[in-house]
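# Architecture at a glance
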Amino acid sequence: MIAYLYVEDDEDIREGFMAVMDAPHRQIVGAESAEAALDLGNQGRFDVLVTDVSLPGMSGTDLARQWLAQDQQRHVLLISGYPFNHGLASIGPNVRALLKSCEPEELEAMLESIEAQLLARPS
């Protein structure tokens, strides 16, 4: 089971993305803010952080930096309304980005790519 922490302040978008992400081998927990995600992250173990970049309060990129401060090898998927043309590597080695307007197939392909990396790492 791969555990995802998904952060999105818009409830409709959060529910829609979580429905698209849903699969038998995935556990997906939603949070409405970066601060709530940090609380959840302290309570449980998540393999992947998926977060909107534009959040009220702490931004998704700041959340990703805090998430990665505990372990640089963690995986992060940033979701934004604007393309990331560069700078992802400065956040961490396993940081990827998708446009919020992506097709469900693009999201699924990205998740499968992350999962393949997670499953390939030495135990």
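It should be noted that the structure appears before, not after, this text.
Residue numbers here run from 1 along each chain, matching the order of that chain's written sequence. For this predicted model, a pLDDT threshold of at least 70 governs which residues receive local features, and a threshold of 80 or more governs which side-chain atom pairs are given and counted, while totals over whole chains, interfaces and linings are taken from all residues. Side-chain metrics in this entry use all non-hydrogen atoms of the structure; hydrogen atoms and water are not considered.

### Let's talk about the overall build of the protein
Definition in use: Secondary structure elements follow DSSP: runs of H or I of four or more residues count as helices, runs of E of two or more count as strands, with numbering from the N terminus. For a compact globule the rule gives 2.2 Å times the number of residues to the power 0.38, and the radius of gyration it is set against comes from C-alpha atoms. Burial here depends on accessible area, computed with a 1.4 Å probe over protein chains only, as a share of the maximum for the residue type. Under 20% is buried, over 50% is exposed, and the range in between is partly exposed. Whether two residues are in contact is decided by their heavy atoms: any pair within 4.5 Å suffices. To measure how exposed things are, a 1.4 Å probe is used in the Shrake-Rupley method; for residues, cover is taken only from the protein chains shown. Counting rule for charge: Lys and Arg are taken as positive, Asp and Glu as negative, and neither His nor the chain ends is counted. By convention, the charge on Lys lies at NZ, on Arg at CZ, on Asp at CG and on Glu at CD.
In terms of helices and strands, the protein carries five helices and five strands. Element order for the protein, N to C, with α for helix and β for strand: β-α-β-α-β-α-β-α-β-α. In summary, the protein has a C-alpha radius of gyration of 13 Å against a globular reference of 14 Å for 123 residues, a match within 12%. For the protein, the spread of C-alpha atoms along the three principal axes comes to 35 × 35 × 30 Å. Taking all 123 residues of the protein together, 46% fall into the buried category. When contacts within the protein are restricted to residue pairs at least 6 apart in sequence, those whose partners lie at least 24 apart make up 52%. Surface summary for the protein: the accessible area is close to 6,500 Å², and the carbon and sulfur share equals 51%. Charged side chains of the protein number 8 positive and 20 negative; the gap between the two group centres comes to 9 Å.

### Here's the deal with helix 2 (residues 34–43)
Our working rule: An arc is given here, and it is the one of the directions from the helix axis to the C-beta atoms.
What helix 2 keeps buried is the set A34, A36, A37 and G41. Along the long axis of helix 2, the arc covered by the buried residues comes to 155 degrees, so they all point the same way. Exposed positions of helix 2 whose direction lies more than 90 degrees from the buried face are N42 and Q43. Elements in contact with the buried residues of helix 2: strand 1 (2–7), strand 2 (26–31) and helix 3 (60–70).

### Here's the deal with the nonpolar core
It is characteristic of soluble globular proteins that their nonpolar side chains tend to be buried jointly. Our working definition: Buried Ala, Val, Leu, Ile, Met, Phe, Trp, Tyr and Cys residues that are joined via side-chain atoms within 4.5 Å together make up what is termed a nonpolar core.
Grouped together as the largest cluster of nonpolar side chains are 21 residues, with contacts concentrated most on L5, V7, V76 and L78. Those elements giving two or more residues to this core turn out to be strand 1, helix 2, helix 3, strand 4 (75–80) and helix 4 (88–91). Examining the composition of this core, we find that four residues originate from one element, helix 3, more than from any other. In contact with L78, not counting residues within four places along its chain, are T51, V53, G60, T61, A64, F84, L88, I91, V95, R96, A97 and L98. Core analysis: the second largest hydrophobic core is formed by 17 residues, Y4, I28, L111 and L118 among them.

### Some words on the packing of helix 1 (residues 11–21) against helix 5 (residues 104–120)
Basically, it comes down to this: Axes here refer to lines fitted to C-alpha atoms; in helices the fit is confined to the stretch in contact. Angles between the N-to-C directions go from 0 to 180 degrees. Oblique is the label for any angle not covered by the other classes, which are roughly parallel (under 35 degrees), roughly antiparallel (over 145) and roughly perpendicular (65 to 115). By definition, turning the near helix anticlockwise from the far helix through less than a right angle yields a left-handed crossing, and turning it clockwise yields a right-handed one. All residues other than Ala, Val, Leu, Ile, Met, Phe, Trp, Tyr, Cys, Pro, Asp, Glu, Lys and Arg, Gly among them, are scored as polar; the first ten of these are nonpolar and the last four charged.
It is the contact of helix 1 with helix 5, at a shortest axis distance of 10 Å, that shows an interaxial angle of 60 degrees. The angle between helix 1 and helix 5 places the two elements in the oblique class. For the element pair helix 1 and helix 5, the recorded crossing hand is right-handed. Residues F17, V20 and M21 of helix 1 form the contact with helix 5, whose participating residues are P104, L107, E108 and L111. Here the residues of the contact of helix 1 with helix 5 are counted per class, giving six nonpolar, no polar and one charged.

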